[in-house]
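Observations on the model geometry
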Amino acid sequence: MVWLTGLPSAGKTTLARLLGDELRGRGRAVEVLDGDEVRRHLTSGLGFSKADRDENVRRVAWVAGLLARHGVVAVVAMISPYRAARDEARAASPDFVEVHVDCAAEECIRRDVKGLYRRALAGEIANFTGVSDPYEPPLRAEVTVRTDGESPARSLGRILDALEERGCLGAAGTVAPWTS
Ligand SMILES: Nc1ncnc2c1ncn2[C@@H]1O[C@H](COP(=O)(O)OP(=O)(O)OP(=O)(O)O)[C@@H](O)[C@H]1O
Ligand SMILES: [Mg+2]
């Protein structure tokens, strides 16, 4: 599974969608598990405490594992701010590829795709990652993309390169099974 982690507005959803489209174009079955949809459909009862965020990650990792077991490439796009929870997901998956979607906080605040930074900075939202809640960056992500310094297409290319390097994509133009 491919696990994208990063600050709000860093580019996780954008890259997950691009990666999903690219892999589908290569004949792979793909499911994108995006934080917003996950919270709407799978974990709607959970909030934003550390315990709830960790439980959110645990449930998504479990579902992604089920998909992976059937040859589906699970692309997870979640802030997933706590390192230990991500490492737990990694430990449970034979093919975990962690992508650090890295972007300077100032640029994330400038983008403010959903207008939530503005509200968090105004004190209207508690436990907002990057403002009033911690983000623990990965220490050994398989790939780090700097979305404040490169285009989405370039970031996608770097993720694909990393997947290719790890033998996850098969030979060019083929659709070898996801290695596990
Ligand atoms: N290299 C890049 N990769 C991804 N997004 C980029 C890049 N460069 C600029 N952007 C822009 O940054 C924004 C990222 O928004 P996106 O919704 O993908 O963030 P997110 O990480 O999913 O945020 P959230 O955690 O709030 O869901 C988009 O407007 C996108 O076009
Ligand atoms: Mg998103």
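Below is a summary of the structure that appears in this document. (Residues numbered from 1 in each chain as written. Chains lettered and ligands numbered in written order. Predicted model: local features only at pLDDT ≥ 70, side-chain atom pairs only at ≥ 80, totals over all residues. Heavy atoms only, no water.)

**Some thoughts on the sheet that holds strand β3 (residues 73-77)**
Each strand in a sheet pairs with another by means of backbone hydrogen bonds, the pair being arranged parallel or else antiparallel. This is how it is decided: Only strands joined by at least two bridges in the DSSP assignment are considered to pair. Numbered from the N terminus, helices here are DSSP runs of H or I no shorter than four residues, and strands are runs of E no shorter than two. Axis definition: a line fitted to C-alpha atoms, over the contacting stretch in the case of helices. Angles run 0 to 180 degrees between N-to-C directions.
Pairing is parallel in the open sheet, where five strands are placed in the order β2-β3-β1-β4-β5. At either end of the open sheet lies a strand with only one pairing partner, and these are β2 (30-34) and β5 (143-146). The mean angle between the axes of side-by-side strands here comes to 15°, regardless of whether they run parallel or antiparallel. The pairing of strand β1 (residues 2-5) with strand β4 (residues 97-102) spans four bridges and is parallel.

**As for the side chain of E98**
As a reminder of what qualifies: The buried label applies to any residue whose accessible area, calculated with a 1.4 Å probe on protein chains only, is under 20% of its type's maximum; exposed applies above 50%, and partly exposed to all values in between. Within 3.5 Å is the distance limit for a polar contact, defined as a pair of N or O atoms, with the added protein rule that one can donate a hydrogen and the other accept it, and that residues adjacent in sequence qualify only through two side-chain atoms.
Tracing the backbone shows E98 in strand β4. Given the relative accessible area of 3%, E98 is considered buried. There is a polar contact of 2.7 Å between the side chain of E98 and the side chain of R86. A polar contact of 2.9 Å, which involves the side chain of E98, links it to the side chain of R90.

**Side note on the nonpolar core**
Our working rule: We call a set of buried Ala, Val, Leu, Ile, Met, Phe, Trp, Tyr and Cys residues a nonpolar core when their side-chain atoms join them within 4.5 Å. Pairs of residues are marked as contacts when any of their non-hydrogen atoms sit within 4.5 Å.
In terms of nonpolar packing, the biggest core is built from 31 residues, with L4, L19, V75, V99, I159 and L163 touching the most fellow members. Of all the secondary structure elements, the ones that give two or more residues to this core are β1, α1 (12-25), β3, β4, α6 (116-121), β5 and α7 (152-165). Here this core gets five residues from one element, more than from any other, and that element is α7. With residues near it in sequence (within four places) discarded, V99 still touches V2, W3, L4, T5, V143, V145 and I159. The next biggest cluster of nonpolar side chains, apart from the first, holds 15 residues, and it includes M1, L33, V60 and A61.

**Side note on unusual backbone geometry**
Positive phi is not limited to glycine here, since S9 has a value of about 70°. With respect to the secondary-structure elements, S9 resides in the loop between β1 and α1. Phi angles above zero are rare outside glycine, and S80 is one such case at about 35°. Along the chain, the position of S80 falls in the loop between β3 and α4 (83-91).

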